Amino acid sequence: TGIALFGFAAAVDWKMRHDKIAGIEKEMRVLLGREVSHPAPPEHYWRHIEKVLNDLFAQGTANAVILYVQNDQNEYYQSASWPSELSINALPWSQLPEITAQNRPPPRFPFNRPPPPPPMPAAVIVRQLSTSSATWQFGLSASSFARLAIGVNLSIIDAEMLAIRQAFLLAVPFALLLIGIGAAILSGRALAPLRSLTNTMQQVTAKGLHQRIEHSNEDKEFLELIAVFNAMLERLERSFFQASRFSADAAHELKTPLAILQGQIEQTMAQVEAGSAVQVRLSSVLDEIQRLSAISRKLLLLSLADAGRLRLHKVRFNLSQALENLLEDAQMLAPQLEISGEISPNLLIEADADLLLQVLHNLLSNAIKYNFSAKQQQGWIQINAYRQQNRIEVAISNTAAPITDAEQARLFERFYRVDSAHGRQTDGVGLGLSLSREIALAHGGDLRLSEVKDGKVTFLLSFLSE
């Protein structure tokens, strides 16, 4: 709008200036033709004409109009304010006819002679001449009686145009402000359904698929968009809960047969000869069954978390004591590593003790399994816990091999393991971090990868403090 206004103003400015100059030219042509159509009057007449022209063209501005009158190649009248840098000879006199005694009629003629020819009609030209200080619009005319030059200083037009431009520049900001306010109000009302759609889309998560957009008097296009979006959410909700229910049902149904298999294999192992080939094979099968049992338990918890049905039995939990015990466990499980930590006392939270201990043990297990010790550096694990404003934060760090950006982005994906071949060099199925984050989120906290640099990896577990 501003560009359009300024473009319109530029066009109007040019048009107004052009029209003003054209008006001056028109008036000049009338005056020039009239003033040279009779013998040159006395000097005081031209002083009067100069004053009249000042009032006509310049609203009384002094020295804005100048005159020059010539009769028989002699100067008859010249304005006192004629610029010294503007030479009389610079005017285009050559384009006008010469004044001679032959084409000038006598003032009276005897009755015994035929009447003389009529006087030569006035010739008029208009030109612009510039000096270092001003631009002048000149009109020149010639007839049988005299030559006349009228000059108008165009700075009077520039002064008028400057006043108009200043008024425009003062008015435009207010106009743009009003236009902006009006546009904001109208667009805000028009885009309200779109903002509602955006807000709803931002709230759509695995636990927010029940969200729907309400509509009342929106435009037809928005009504169609809202209807399509609500239908999409409905399909997503139905598909998601169907998949979630399938995972939960499958994990639940696997629990009983896996428990029976585990019991029978343990019973058979007790009956066969110790150290025999049969016992070794049964031990390997038992490991796989236990692994399947762990996967089914984690899948069940994840499906409950996805559906928002993960039940928490919250009690007052002493996080400081649990972390102290975790340090002791680390020293027993990994005596080859340097274990250290700084744990603030009395870090109390409301939490499900079993689930939270599962998170802590999973993080410790990862710190041990993925610990990487260089030849000249001993591996280490550090556990720090502290209160940060209204949050309690637990940082578990360890030495580790470099992790690429692509691997960092997928660490919390389900069944993702840094071991791209999913081999068995490192125990695990790739569900621990994903499940740990879901448990942290269910407690109103979060789990994230905080730092990866210089052979160091840090996971940060945070909760709201009491």
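From a predicted model like this one, the values you see are computed outputs, not experimental measurements.

Participant: Which residues make up the packing of helix 7 (residues 319-333) against helix 8 (residues 353-369), and what are the values?
Facilitator: Look at helix 7 against helix 8: their axes get within 11 Å of each other, and the N-to-C directions meet at 35°. Crossing angle aside, the handedness with which helix 7 passes helix 8 is right-handed. Contact with helix 7, carried on its side by Leu319, Ala322, Leu323, Leu326, Asp329, Ala330 and Leu333, involves Leu356, Leu357, Leu360, His361, Leu364 and Ile368 of helix 8 and no other residues of that element. Here the residues of the contact of helix 7 with helix 8 sort into 11 nonpolar, one polar and one charged.

Participant: Tell me about the packing of helix 3 (residues 155-190) against helix 4 (residues 192-203), residues and numbers included.
Facilitator: Relative to each other, helix 3 and helix 4 sit at 55°, their axes nearing to 4 Å. What the angle tells us is that helix 3 and helix 4 run oblique. Where helix 3 approaches helix 4, its residues Gly188, Arg189 and Ala190 are matched on the opposing element by Ala192, Pro193 and Arg195. Broken down by class, the residue content of the contact of helix 3 with helix 4 amounts to three nonpolar, one polar and two charged.

Participant: An account of the nonpolar core is requested, with residue identities and associated values reported.
Facilitator: Nonpolar side chains in soluble globular proteins tend to end up buried together. Formed by 50 residues in total, the largest nonpolar core has its most connected members in Leu319, Leu323, Ile381, Leu447, Phe459 and Leu461. If you tally residues by element for this core, the top one is helix 8, at eight residues. Once residues lying within four places of it in the same chain are set aside, the contact partners of Leu447 are Leu363, Phe412, Leu433, Ser436, Arg437, Ala440, Phe459, Leu460 and Leu461. With 23 residues, the next largest nonpolar core counts Leu31, Trp46, Leu67 and Leu154 among its residues.

Participant: Please provide a residue-by-residue account of the packing of aromatic side chains, values included.
Facilitator: The full count for this structure, using the stated rule, is seven aromatic pairs. Centroid distance Trp136 to Phe138: 6.4 Å. Interplanar angle 35°. Geometry classified as tilted. Neither Trp136 nor Phe138 differs from the other in exposure class; each is buried. Look at Phe412 and Phe459: their rings are 6.2 Å apart centre to centre, the planes differ by 75°, and that puts the pair in the edge-to-face class. Taken as a pair, Phe412 in the loop between helix 9 (405-409) and helix 10 (432-442) and Phe459 in strand 12 (residues 456-464) lie far apart in primary sequence, 47 residues in all. Grouped by ring-pair contacts, the aromatic residues Tyr68, Trp82, Trp93, Trp136 and Phe138 constitute a single cluster. Seen from the ring of Phe412, Arg437 lies directly overhead, with NZ or CZ sitting 3.8 Å from the centre.

Participant: Help me get a handle on helix 4, residues and values and all.
Facilitator: Relative to the 16 Å expected for 12 residues at 1.5 Å per residue, helix 4 spans 17 Å between its end C-alpha atoms, a close match to the ideal helical length. Every buried residue of helix 4 is listed here: Pro193, Leu197 and Thr200. Seen end-on, helix 4 carries its buried residues on one side only, within an arc spanning 65°.

Participant: How would you sum up a nonpolar patch on the surface? Please name residues and give values.
Facilitator: On the surface, a nonpolar cluster with roughly 290 Å² of combined accessible area is contributed by Leu177, Ile181 and Ile185. Note on placement: Leu177 falls in helix 3.

Participant: Please give an account of the pattern of salt bridges that cites residues and values.
Facilitator: What the rule picks out here adds up to nine salt bridges. Among the salt bridges present, the one from Arg29 reaches Glu25, with a minimum N-O distance of 3.2 Å. Of this pair, Arg29 and Glu25 both sit in helix 1 (residues 2-35), four residues apart, which is roughly one turn of the helix. In this structure, the salt-bridge partner of Glu413 is Arg410, at a minimum N-O distance of 3.0 Å. With relative accessibility at 35%, the residue Glu413 sits in the partly exposed group. On the accessibility criterion, Arg410 (38% relative accessible area) is partly exposed.

Rules behind the numbers
Residues numbered from 1 in each chain as written. Predicted model: local features only at pLDDT ≥ 70, side-chain atom pairs only at ≥ 80, totals over all residues. Heavy atoms only, no water. Axes fitted to C-alpha atoms, helices over the stretch in contact; angles between N-to-C directions. Helix = DSSP H or I, 4+ residues; strand = E, 2+ residues; numbered from the N terminus. Left-handed = near helix turned anticlockwise from the far one by under 90°. Contact = heavy atoms within 4.5 Å. Nonpolar A, V, L, I, M, F, W, Y, C, P; charged D, E, K, R; others polar. Parallel < 35°, antiparallel > 145°, perpendicular 65-115°, else oblique. Core = buried A, V, L, I, M, F, W, Y, C linked by side-chain atoms within 4.5 Å. Buried < 20%, exposed > 50% of the residue type's maximum accessible area, 1.4 Å probe, protein only. Phe/Tyr/Trp six-rings, centres within 6.5 Å; stacked < 30°, edge-to-face > 60°. Lys NZ or Arg CZ within 6 Å of the ring centre and 35° of its normal. Expected span 1.5 Å × (residues − 1). Arc of directions from axis to C-beta. Patch = residues over 30% accessible without salt bridge, like charges linked within 9 Å, V, L, I, M, F, W, Y side chains within 5 Å. Areas by Shrake-Rupley, 256 points an atom, 1.4 Å probe, with all protein chains shown as cover. Salt bridge = Lys/Arg side-chain N within 4 Å of Asp/Glu carboxyl O.

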